[in-house]
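# Observations on the three-dimensional arrangement
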Amino acid sequence: MACEVRRRSLGRAVAVATAGFLGATIIAACGSSSEDAGPSEPRDRAEVAADGFVYGYAPVALARTRANMTCLLPINQLYNQSQMSGPDSRTVVAPNVDTLYSVAWLDLRSGPILLAHPEMGERYFGFQLLDIYSNVFANVGTRETGSAAGSFLVVPPGWSGAAPAGAEVIESPTWDSWVIGRTLVESMDDLPAAQAAQKQYSMRVLGPAPATAPPALPPTDCGNNPAPQAVGAAGPAFYDELSAVLAANPAPEADAPLLAELAELGVTPGATPSAGDPQDVEALASGVVLGSERLDDLIAEGSDGDPGSWSSLEDAGRYGTDYLHRAMVAKIGLGANVPEESMYHVTREGTDGEALRGSTGHLLHFDEDQLPPIDPRGFWSITLYGPDMFLVPNSIARYAIGDRTPGLVRGDDGSLDVWISSSPPPSGKANWLPAPEGEFVLMLRTYLPTDQAWSPPVVQSAE
């Protein structure tokens, strides 16, 4: 029976960008049979390396993010961000300005970790748990586990033991994992209450440490850790970082076909392939370039629809062997959650097909029945980022407009116009989302969406 390969709709370049993956991905997703697959020619070594770059982009970006963060906060401890994100928040791309973040990096070699939260009432909150490959393996909070006080024991792969009374066990697929907590702030007046809720979150190691575990990730070099947003700049040494991740966190079995090909280039757990055979190193260097081009082309293409329409981070958080999708999300929205928790819609162009620019000015018009569909416990927002996916300073310190923005003016018919430009519109600042003179990106988030097929209206150019 023929195998159907599904490619997610994330841009007009997907068909081209995924072509290099077919040799490894079809085998991983569909299996092989001697009846319908004869001997195949060895694949081009640079193409294999490019596949490896895209495969490794997310885990290397996460490992770098972990290294940078753990220079500021200890492993296995929960850090609560007490203020809203702003232009100086540059650790993780595309921060939201709706919630206070709580962050922890877990090393389960120390033993299980107990996470607990108090009764949260009507306030939206969530703890998202990601493995080192950026897959979301659990959510705790309003939608998934409810608002009542709860405790959760996060355990390492293969753990067996007794959990504390009343604690739910969550097994991590990898020994290193990332916890991202989000606590909704309804308004600036609500900030102290949100901070008070955060202070009641707790996290502690219960132990005992497992008898056997893989080696830890390499120690951090505080002050010299490479940037998570520039993994391609490492050249062939990128694969050294990937090899370190593979040693510390054995990959899922589904990844074996591609990893077997990479092993032919010296990319194996704990290896330093950048110091290997010169021909292999040359292929790895080419792979970084080719892999980076695939990602850049995919992101630049934007939406499959009409100019001004939006791309969605479809199926974020659950990637399987779709390594290209995983890498793309890591590049523009590292830490994105699963779609039932939150949907992310992104656009970089107006109705004229040109890049969004603040000097041009743009209008986003919602009819009353076009507003983002969300559960009453959720929220939505439109956040503006620079091309690097970080917040941009502006004169009124407004970085997003959403369902909780005070003073928004609706039309008589219930519609909502959001003006996005470098200077306020003639109607005033009430519905103005300030933009830089140059290019920018919009991300519309819906938390607890009730219609995952919904898409925002097109962005209209004001000129």
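Conventions used here
Residues numbered from 1 in each chain as written. Predicted model: local features only at pLDDT ≥ 70, side-chain atom pairs only at ≥ 80, totals over all residues. Heavy atoms only, no water. Axes fitted to C-alpha atoms, helices over the stretch in contact; angles between N-to-C directions. Helix = DSSP H or I, 4+ residues; strand = E, 2+ residues; numbered from the N terminus. Parallel < 35°, antiparallel > 145°, perpendicular 65-115°, else oblique. Left-handed = near helix turned anticlockwise from the far one by under 90°. Contact = heavy atoms within 4.5 Å. Patch = residues over 30% accessible without salt bridge, like charges linked within 9 Å, V, L, I, M, F, W, Y side chains within 5 Å. Areas by Shrake-Rupley, 256 points an atom, 1.4 Å probe, with all protein chains shown as cover. Salt bridge = Lys/Arg side-chain N within 4 Å of Asp/Glu carboxyl O. Lys, Arg positive; Asp, Glu negative; His and termini not counted. Charge placed at Lys NZ, Arg CZ, Asp CG, Glu CD. Buried < 20%, exposed > 50% of the residue type's maximum accessible area, 1.4 Å probe, protein only. Pairing = 2+ DSSP bridges.

## Quick notes on the packing of helix α3 (residues 45-69) against helix α5 (residues 238-248)
Angle between the axes and distance between the axes: these two values describe a pair of packed helices. One way to put it is that α3 packs onto α5 with a least axis distance of 9 Å and a crossing angle of 65°. Relative to α5, the element α3 lies roughly perpendicular. You can see that α3 and α5 cross each other, and the crossing is left-handed. Along the contact surface, α3 presents A49, A50, G52, F53, Y55, G56, Y57, P59, V60, A63 and R64, while α5 presents F238, Y239, E241, L242, V245 and L246.

## Examining a negative patch on the surface
Taken together, the side chains of D367, E368, D369, D412 and D413 define an acidic patch exposed on the protein surface. Tracing the chain through its elements places E368 in the loop between β12 (362-366) and β13 (374-385). Exposure remark for E368: the relative accessible area of 52% places this residue in the exposed category.

## Here we look at the sheet that holds strand β9 (residues 202-205)
What the four strands build is an open sheet, ordered β7-β6-β3-β9; its pairing is mixed. For this open sheet the edge positions go to β7 (168-171) and β9, each flanked by a neighbour on one side alone. Neighbour-to-neighbour, the strand axes of this sheet turn through a mean angle of 25°, independent of strand direction. As judged from the four bridges shared by strand β6 (residues 150-155) and β7, these two strands associate in the parallel manner. Residue pairing in the sheet places L153 in a bridge with V169 of β7.

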